[in-house]
Amino acid sequence: MNATITATARYLPERKLSNFDLEKMVDTSDEWIRSRTGIENRHLVGEGEATSDMGTEIAKTLLERSGKTPEEIDLILVATSTPDYPVVSTAALVQDKIGAVNAWGYDIVAACTGFVYALETGAKLVESGTYKNVIVIGADTMSSIIDYTDRNTCVIFGDGGGGVLLEPSENGIGILDSILHADGSGSQYLTVPAGGSLHPASKDTVDKKMHYVYQDGKTVYKFAVKNMADVSKRILDQNNLTGDDVKLFIPHQANRRIIDAAAKRCGLGPEKVLVNINRYGNTTAGTIPIALDEAVETNRLEKNDLLLLAAFGGGFTWGSMLIRWGDA
Ligand code: UT7
């Protein structure tokens, strides 16, 4: 038995922040942002809107599209680095807000690789035969941890999320293989330094702006290019496949140049790569499920098509996944 994706959904908050808006906030330019990252726009949550609100909208759309009732949901996994609270999982809040009274759930923290980690976890729990209807969400409110006076980070990130419903499948349809990695020796290069048990919140941590994302962009870039390209190629090799066999590649959307390098390494032409970083920026755990929902909406996947996912993020964490598209 495999686990397969039987519904997809996305949620992008209404408010938008363009490169031209950012030009008025920090010393940057539309030209710099577009040429270095590929980003033109990003969405930001409204006042009082949090990750569980986005997750709830995503979960409701999944229920609508699948025809499932909230009572039928067994498990909710939320990949996020920006939960509503340090204690109380976003998954529990979503469970309550949609009335999934028979579900349990928890959050998975793996930064930009979070959705792939959560999808693998959900798939394995479905394959165990114990759970039949599993909601997997990737969503981040990056604006809650971004310093909008720091041009190194504020131009890159946006808010948003997406999700899928996983159900059991047979006949080789569904999630076929995955390769996942973590290397905590890279933790200092992309992190939020304070607010955890090492540096609890204090006046000092606030004064030093330690609750915002810190990124050593150049170092992360080097690791991201190498590892996302390597892991994408490796999963094809170990399944005796080439880029010709892949219908669609959905990479994490962190930087257009990283996406292009990974696609090239796998021999995938631009027509096989989904890129939407221009519209949303980097939504961390949200990028892959948002892109997947767009792929479904625009009919870019048909039954039996091979879908390749790949991600790289803080931790460091990275991984790839192969999916044979279709219903059970
Ligand atoms: O999603 C999780 C994983 N994250 C990633 O994969 C991100 C990986 N890193 C990157 O995508 C890129 O490193 C960035 C987009 C973050 C930065 O691009 P870069 O080409 O590596 O730029 P840089 O950091 O080397 O900076 C080059 C110059 C610097 O000026 P000097 O020192 O050469 O005078 C920066 O101060 O660009 C400057 N700079 C900016 N200039 C205008 C940095 N940010 C900006 C900005 N606008 N927003």
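Here the structure is a predicted model, which means the values were calculated and not measured.

1. As for the site of the ligand
With respect to spatial proximity, 25 residues lie near the ligand, and among them Thr 28, Arg 36, Lys 218, Asn 255 and Asn 282 are the closest. A distance of 3.4 Å is found between an oxygen atom of the ligand and a side-chain nitrogen or oxygen belonging to Trp 32. The separation between an oxygen atom of the ligand and a polar side-chain atom of Asn 282 is 2.7 Å. Burial of the ligand by the surrounding chains reaches 75%, relative to a free accessible area of 960 Å². Taken atom by atom, the bulk of the ligand overlaps the second largest pocket. Looking at the shell around the ligand, the elements with two or more residues in it are α2 (30-37), α6 (151-154), α8 (217-238), α9 (256-265) and β12 (306-313).

2. Remarks on the sheet that holds β12
Strand order in the open sheet formed by four strands is β8-β13-β12-β11, and the pairing between neighbours is mixed. The sheet is open, and its two edges are formed by β8 (174-182) and β11 (248-251), each paired on a single side. Strand-to-strand twist across the sheet, computed as the mean angle between neighbouring axes with direction ignored, equals 10 degrees. As defined by bridge partners, β8 adjoins strand β13 (residues 317-324) across eight bridges and the pair is classed as antiparallel. Each residue of the ladder has a partner; that of Ala 182, found in β13, is Thr 317. Across the face of the sheet, helix α5 (residues 114-127) comes into contact with β8, β12 and β13 while running at roughly 130 degrees to β8. Helix-sheet contacts for helix α11 (residues 287-297) involve β11 and β12, and the interaxial angle to β11 is about 150 degrees.

3. Looking at a nonpolar patch on the surface
Taken together, Tyr 85, Val 87 and Val 88 make up a surface patch of nonpolar side chains, about 310 Å² in accessible area. Looking at where Tyr 85 falls in the secondary structure, it is placed in the loop between β4 (75-79) and α4 (90-98). Owing to a relative accessible area of 45%, Tyr 85 belongs among the partly exposed residues under this scheme.

4. Some details on the sheet that holds β4
Backbone-to-backbone hydrogen bonds join strands into a sheet, with any given pair of strands oriented parallel or antiparallel. In spatial order, the strands read β1-β7-β6-β4-β5; together these five strands make up an open sheet with mixed pairing. Edge positions in the sheet fall to β1 (2-11) and β5 (104-108), since each has one partner strand and no second. For this sheet, the mean inter-axis angle between neighbouring strands, taken without regard to orientation, is 20 degrees. α4 contacts β4, β5 and β6 (134-141) of the sheet and is inclined by roughly 130 degrees relative to β4. Each of β1, β6 and β7 (159-169) touches α11; the most contacted strand, β1, lies at about 95 degrees to it.

5. A word on the pairing of β11
Here β11 shows two buried faces, one formed by Leu 248 and Ile 250 and the other by Phe 249 and Pro 251. Here β11 pairs with β12 via four bridges, running parallel. Following the sheet pairing, Phe 249 is matched in β12 by Leu 308.

Procedures and definitions
Residues numbered from 1 in each chain as written. Predicted model: local features only at pLDDT ≥ 70, side-chain atom pairs only at ≥ 80, totals over all residues. Heavy atoms only, no water. Near = heavy atom within 4 Å. Polar contact = N/O pair within 3.5 Å; in protein donor to acceptor, adjacent residues only side chain to side chain. Areas by Shrake-Rupley, 256 points an atom, 1.4 Å probe, with all protein chains shown as cover. 1 Å grid on protein atoms, 1.4 Å probe; cavity = no way out; pocket = protein on both sides within 12 Å on 5 of 7 lines; lining within 4 Å. Sits in = over half its atoms within 2 Å of the grid points. Helix = DSSP H or I, 4+ residues; strand = E, 2+ residues; numbered from the N terminus. Pairing = 2+ DSSP bridges. Axes fitted to C-alpha atoms, helices over the stretch in contact; angles between N-to-C directions. Contact = heavy atoms within 4.5 Å. Patch = residues over 30% accessible without salt bridge, like charges linked within 9 Å, V, L, I, M, F, W, Y side chains within 5 Å. Salt bridge = Lys/Arg side-chain N within 4 Å of Asp/Glu carboxyl O. Buried < 20%, exposed > 50% of the residue type's maximum accessible area, 1.4 Å probe, protein only.

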